[in-house]
Amino acid sequence: MTHGGDTIFGKIIRKEIPAQIVYETERVLAFRDINPVAPTHILVIPKKPIPSVAAATAEDKELLGELLLEAAEVARREGLEEGGYRVVTNIGYNGGQTVFHLHLHIIGGRHCQWPPG
Ligand code: AMP
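Structure report, in brief. Values in this document were obtained by computation on a predicted structure and should not be read as measured data.

1. Things to note about the layout of surface pockets
Consideration 1: The calculated volume of the largest pocket comes to roughly 720 Å³.
Consideration 2: Lining the largest pocket are 31 residues, and of these Asp 33, Val 37, His 41, Leu 43 and His 105 lie nearest its centre.
Consideration 3: Elements represented by at least two residues in the lining of the largest pocket include exactly α1 (8-13), β2 (28-32), β3 (40-46), β4 (85-88) and β5 (104-108).
Consideration 4: At three residues, the largest contribution of residues to the lining of the largest pocket is made by α1.
Consideration 5: For the lining of the largest pocket, the residue count by class is 16 nonpolar, eleven polar and four charged.

Set out below in structure tokens:
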């Protein structure tokens, strides 16, 4: 299976550019955000190049569930479970999305405000 797609995250999946990878499975990759907004800031992505949740289809149902479960696993391994953390995915312009490869942000190590800015 070809993995990646035509974004910077595709290059990270194919190991064409470096990233601080913290977790990897056949279908999912997690790496540290290059511009962290919290003491722990990790991106969890499917290797399949889905642009965003809005572009996912019924075919991706299992993969989306897996992505969320893997995010919880990464957070557990990072020691975030006890204190809690935030999982968020941005969609399109108003969502603040800048990389058009679906990703979950895991934000932990500090208290997050609600509503977000
Ligand atoms: P979003 O605004 O939800 O699309 O988030 C994209 C995230 O990707 C931002 O938090 C960026 O800091 C992060 N990012 C962009 N390029 C890289 C990279 N090469 N390695 C790690 N994180 C990156």
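2. Things to note about the site of the ligand
Consideration 1: Near the ligand you find 16 residues, and of these Asp 33, Asn 90, Thr 98, His 103 and His 105 are the closest.
Consideration 2: His 103 places a polar side-chain atom, nitrogen or oxygen, 2.7 Å from an oxygen atom of the ligand.
Consideration 3: If you map the ligand onto the pockets, it falls in the largest pocket.
Consideration 4: For the shell around the ligand, the elements supplying multiple residues, two or more each, are α1 and β2.
Consideration 5: By residue class, the composition of the shell around the ligand is seven nonpolar, seven polar and two charged.

What counts and how
Residues numbered from 1 in each chain as written. Predicted model: local features only at pLDDT ≥ 70, side-chain atom pairs only at ≥ 80, totals over all residues. Heavy atoms only, no water. 1 Å grid on protein atoms, 1.4 Å probe; cavity = no way out; pocket = protein on both sides within 12 Å on 5 of 7 lines; lining within 4 Å. Points joined across faces, edges and corners; volume = space filled by probe spheres on them. Helix = DSSP H or I, 4+ residues; strand = E, 2+ residues; numbered from the N terminus. Nonpolar A, V, L, I, M, F, W, Y, C, P; charged D, E, K, R; others polar. Near = heavy atom within 4 Å. Polar contact = N/O pair within 3.5 Å; in protein donor to acceptor, adjacent residues only side chain to side chain. Sits in = over half its atoms within 2 Å of the grid points.

Distances and angles like these do not, on their own, reveal function.
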